[in-house]
Amino acid sequence: MRRCRTVLVNPRVESSIYALATAVTEHLGLSYVAAVLRHAGHPVLVVDLDAERSLSNPIDAIRGFAPDLVGLTSTFLTMAQALRLARALKARLPGVFILMGGHHATFTWQRLLAGEPQVDGVAIGEGEETALDLADALAGRRPIQGIPGLALRGPHGPEVQVLRPPPDVDALPWPVRDGVARRLAEGKVVAVSVLASRGCFGRCTFCSTSAFSGSRWRPRSPASVAAEIAAVAKAYPQARFLHLADDEFLGPGRAGKEHALEIARCLIDLGLTLDIEFDCRVDSFLRLSPDEIGLLRQAGVSSVYMGLESGQQDMLDLYAKGTSVEQNRAALRAAAEAGLSTSLCGCIPFNPYADVHSLRETAGFLLEVGQASLVNLTQRLQLLPGTGLEQKIRSDGLLLSDNYRGPYLYRYRDPVVGTLAKWLDVADHPLAVAENSIVPYVSHQVRRLARSVGMPLEWPPAQATLNACADIQQRNHSFFMDALQIAARGGDPSEYRTLAAAYWKDLEQGLDLVQRLFHTFALQVEDRLFA
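In this text, all values refer to a predicted model and were calculated from it rather than measured experimentally. (Residues numbered from 1 in each chain as written. Predicted model: local features only at pLDDT ≥ 70, side-chain atom pairs only at ≥ 80, totals over all residues. Heavy atoms only, no water.)

For the rest of this paragraph, the subject is the nonpolar core. Formed by 113 residues in total, the largest nonpolar core has its most connected members in Phe285, Met306 and Leu420. Counting residues in each nonpolar core, the second largest holds 28 residues, with Val47, Leu85, Trp109 and Val119 among its members. (Core = buried A, V, L, I, M, F, W, Y, C linked by side-chain atoms within 4.5 Å. Buried < 20%, exposed > 50% of the residue type's maximum accessible area, 1.4 Å probe, protein only.)

On to helix H10 (residues 222-235), then. It helps to recall that an α-helix has 3.6 residues per turn; residues three or four apart then point in one direction. Its 14 residues place the ends of H10 20 Å apart at the C-alpha level, agreeing with the 20 Å of an ideal helix rising 1.5 Å per residue. Listed as buried for H10 are Pro222, Val225, Ala226, Glu228, Ile229, Val232 and Ala233. Across the axial projection of H10, the buried residues extend over an arc of 160°, all falling on one side. Buried residues belonging to H10 abut helix H2 (28-39), strand S9 (190-194), strand S12 (241-244) and helix H11 (253-270). (Helix = DSSP H or I, 4+ residues; strand = E, 2+ residues; numbered from the N terminus. Expected span 1.5 Å × (residues − 1). Arc of directions from axis to C-beta. Contact = heavy atoms within 4.5 Å.)

Note on placement: His444 falls in helix H20 (residues 430-452). Within the structure, His444 has its side chain in polar contact with the side chain of Asp275 (distance 3.5 Å). (Polar contact = N/O pair within 3.5 Å; in protein donor to acceptor, adjacent residues only side chain to side chain.)

A word on the sheet that holds strand S6 (residues 121-123). The pairing of strands in a sheet happens through backbone hydrogen bonds and is either parallel or antiparallel. The strand order across the open sheet formed by seven strands is S3-S1-S4-S5-S6-S7-S8, and the pairing between neighbours is mixed. Unpaired on one side and paired on the other, strand S3 (44-48) and strand S8 (157-160) mark the two borders of the sheet. In this sheet, neighbouring strand axes are inclined to one another by 25° on average, regardless of whether the strands run parallel or antiparallel. Those strands touched by H2 are strand S1 (6-10), S3 and strand S4 (69-73), and its axis lies near 170° from that of S1. In the packing of helix H7 (residues 128-138) onto the sheet, the strands contacted are S4, strand S5 (97-101), S6 and strand S7 (150-154), and the crossing angle to S5 comes to about 175°. (Pairing = 2+ DSSP bridges. Axes fitted to C-alpha atoms, helices over the stretch in contact; angles between N-to-C directions.)

Packing of H20 against helix H21 (residues 460-488) leaves a shortest axis separation of 10 Å and a crossing angle of 150°. By the criterion of interaxial angle, the relationship of H20 to H21 is roughly antiparallel. Seen along the crossing, H20 lies across H21 with a hand that is left-handed. Residues Glu435, Val439, Val442, Ser443, Val446 and Arg447 of H20 form the contact with H21, whose own contacting residues are Ala462, Thr465, Leu466, Cys469, Ile472 and Asn476. (Parallel < 35°, antiparallel > 145°, perpendicular 65-115°, else oblique. Left-handed = near helix turned anticlockwise from the far one by under 90°.)

Okay, empty space enclosed by the protein next. For the structure on display, the rule yields four cavities of 30 Å³ or more. Volume-wise, the largest cavity comes out at about 120 Å³. The wall of the largest cavity is formed by 14 residues, among which Ser31, Val46, Asp178, Gly179 and Arg183 lie closest to the centre. At the level of secondary structure, the elements contributing two or more residues to the lining of the largest cavity comprise H2, S3 and helix H8 (180-185). With three residues, H8 is the largest single contributor of residues to the lining of the largest cavity. Estimates place the volume of the second largest cavity at around 50 Å³. Taken together, Ile144, Gln145, Gly146, Ile147, Leu150, Leu152, Arg153, Gly154, Glu159 and Gln161 make up the lining of the second largest cavity. Looking at the lining of the second largest cavity, the element that brings in the most residues is S7, giving four residues. For the lining of the second largest cavity, a count of residues per class yields four nonpolar, four polar and two charged. (1 Å grid on protein atoms, 1.4 Å probe; cavity = no way out; pocket = protein on both sides within 12 Å on 5 of 7 lines; lining within 4 Å. Points joined across faces, edges and corners; volume = space filled by probe spheres on them. Nonpolar A, V, L, I, M, F, W, Y, C, P; charged D, E, K, R; others polar.)

Viewed as axis vectors pointing N to C, helix H16 (residues 356-368) and H21 meet at an angle of 170°, and their least axial separation amounts to 10 Å. The angle between H16 and H21 falls in the class roughly antiparallel. Contacts from Val356, Leu359, Arg360, Ala363, Gly364, Leu366 and Leu367 of H16 reach H21 at Gln473, Gln474, His477, Phe480, Met481 and Leu484. Here the contact of H16 with H21 is composed, by residue class, of eight nonpolar, four polar and one charged.

Okay, the environment of Pro43 next. Of note, Pro43 is situated in the loop between H2 and S3. Residue classification places Pro43 among the partly exposed residues on the basis of a relative accessible area of 25%. Considering only alpha carbons, one finds Pro43 and Lys321, 278 residues apart in sequence, at a separation of 43 Å. Once residues lying within four places of it in the same chain are set aside, the contact partners of Pro43 are Arg3, Cys4, Arg5, Thr6 and Phe65.

Moving on to unusual backbone geometry. Even without being glycine, Glu309 reaches a positive phi, approximately 75°. With respect to the helices and strands, Glu309 occurs in strand S14 (residues 301-309). Despite not being glycine, Ala320 has its phi angle at roughly 55°, a positive value. Secondary-structure assignment places Ala320 in the loop between helix H14 (313-318) and helix H15 (325-337). Judged by relative accessible area, Ala320 falls into the partly exposed class, the value being 33%.

Unoccupied space between atoms shows up once a probe the size of one water molecule is rolled over them. By volume, the second largest pocket amounts to about 650 Å³. In terms of lining residues, the second largest pocket is bounded by 32 residues, among which Thr342, Val369, Gly370, Ser443 and Arg447 are the most central. Elements with a contribution of two residues or more to the lining of the second largest pocket: H15, H16, H20 and H21. Per-element accounting of the lining of the second largest pocket gives the leading share, seven residues, to H20. When its residues are assigned to classes, the lining of the second largest pocket shows 13 nonpolar, 12 polar and seven charged.

Structural data, given as structure tokens:
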């Protein structure tokens with residue numbers, strides 16, 4: 001029986017803040033598609049350019065596999081590169097079928113097919129079953145027309161025959177993990193990821209997850225999740241850090257919470273020793289009792305990522321978070337009291353409707369709750385197709401560009417905010433990248449290692465290191481507020497440049513101090529462990 005040789009590609013994110021991340025992460029979307037195709041007998045090569053950053057010639061690597069089908073995933077950050085790769089592949093392999101997929105392609109499929117002749121089709125939504133049907137068709141097992149979820153060019157332009165419902169998450173094979181062992185052998189820190197559910201019950205206006213996954217939270221069997229985690233732990237014992245990559249690990253209502261707790265019970269029964277992080281909403285976390293948080297900790301959970309998004313209520317309402325600033329505070333406080341790290345949470349202060357008041361309030365909130373990284377203070381809304389904010393910004397006349405090849409651009413209603421946003425476009429600055437990696441990592445490790453030797457955070461080596469991390473956040477806040485003042489009184493660029501030069505020098509010194517103190521702390525932990 002003929003098989004469809006398939007290469008699945010994750011383009012590289014051309015941004016230093018992603019390239020220099022503390023840990024290499026897996027692309028679970030492609031890993032699941034590869035597992036489904038292999039299960040059906042189709043040979044698959046996964047080329048994750050974001051993880052394999054040393055791969056200098058991906059075109060030759062792909063051509064060497066002699067594919068019939070190349071699947072390219074895409075985000076707003078990688079769409080331009082994905083299209084360049086598709087164009088180069090079509091020139092070298094004119095008979096190959098180029099399939100685009102992912103969030104960005106799902107919401108721009110009509111323009112992709114109309115404007116990119118190198119793209120032959122687009123998988124709408126979750127793509128495992130669509131990719132399998134297409135591979136079967138290219139192998140001569142079924143007709144290509146009429147595949148649910150596959151958008152093609154028709155006689156009257158781009159068309160999709162019928163949308164495909166999301167797959168049964170328990171019916172899917174576990175994702176392949178082709179590159180994990182290789183990256184571990186290279187000495188890289190790998191964040192092995194597992195999905196316990198798909199979808200999100202939230203309706204945040206800046207996020208496309210609900211529209212992409214069918215507006216429904218779909219959990220896997222807790223026993224299956226625990227079994228996969230156990231298999232990962234056995235296969236990669238040196239990869240102790242595990243990321244539960246769900247959009248919302250704590251699902252809705254009693255059933256959602258019980259799902260998470262049952263996974264914890266299964267992991268405890270298996271006796272695994274892991275360092276686990278999960279993502280959730282602040283109101284979901286607040287539904288946990290201290291005993292339930294304790295159960296998650298016993299299972300290995302050491303850190304939680306929560307999307308705070310703002311420290312000002314009007315902005316939370318704009319984002320349709322359904323939460324309050326006080327709930328943000330309460331969730332972080334509850335996590336800290338339980339000994340969980342929340343050293344890296346999300347915030348989006350800048351959007352077209354932000355004003356001086358909202359920026360001041362959010363900056364003060366971030367400093368108060370220990371989340372005043374430079375990235376959090378300066379993060380701008382990434383306007384995604386298929387979101388409520390895209391529709392609002394478009395209707396309000398604030399949209400500057402909706403080019404599907406990259407991020408959508410917009411203008412700020414308040415010119416002061418626009419000036420500040422231009423100045424603080426620093427996400428790729430090497431020191432901003434370093435701070436966003438070093439400070440959360442050190443903060444988390446100090447808490448984890450201090451516990452491992454039975455010492456409180458008041459232990460002088462731990463306290464000194466955490467104080468140095470807090471000092472950096474204070475410097476970030478002061479720099480942000482000073483820049484805001486300059487913008488508010490007319491926006492003198494030379495005055496801002498002088499401020500920024502002093503800040504970057506100060507930040508470099510602060511990061512050096514954090515690393516030296518952490519080194520001293522780690523040596524003292526080692527002394528206690530081996531005394």
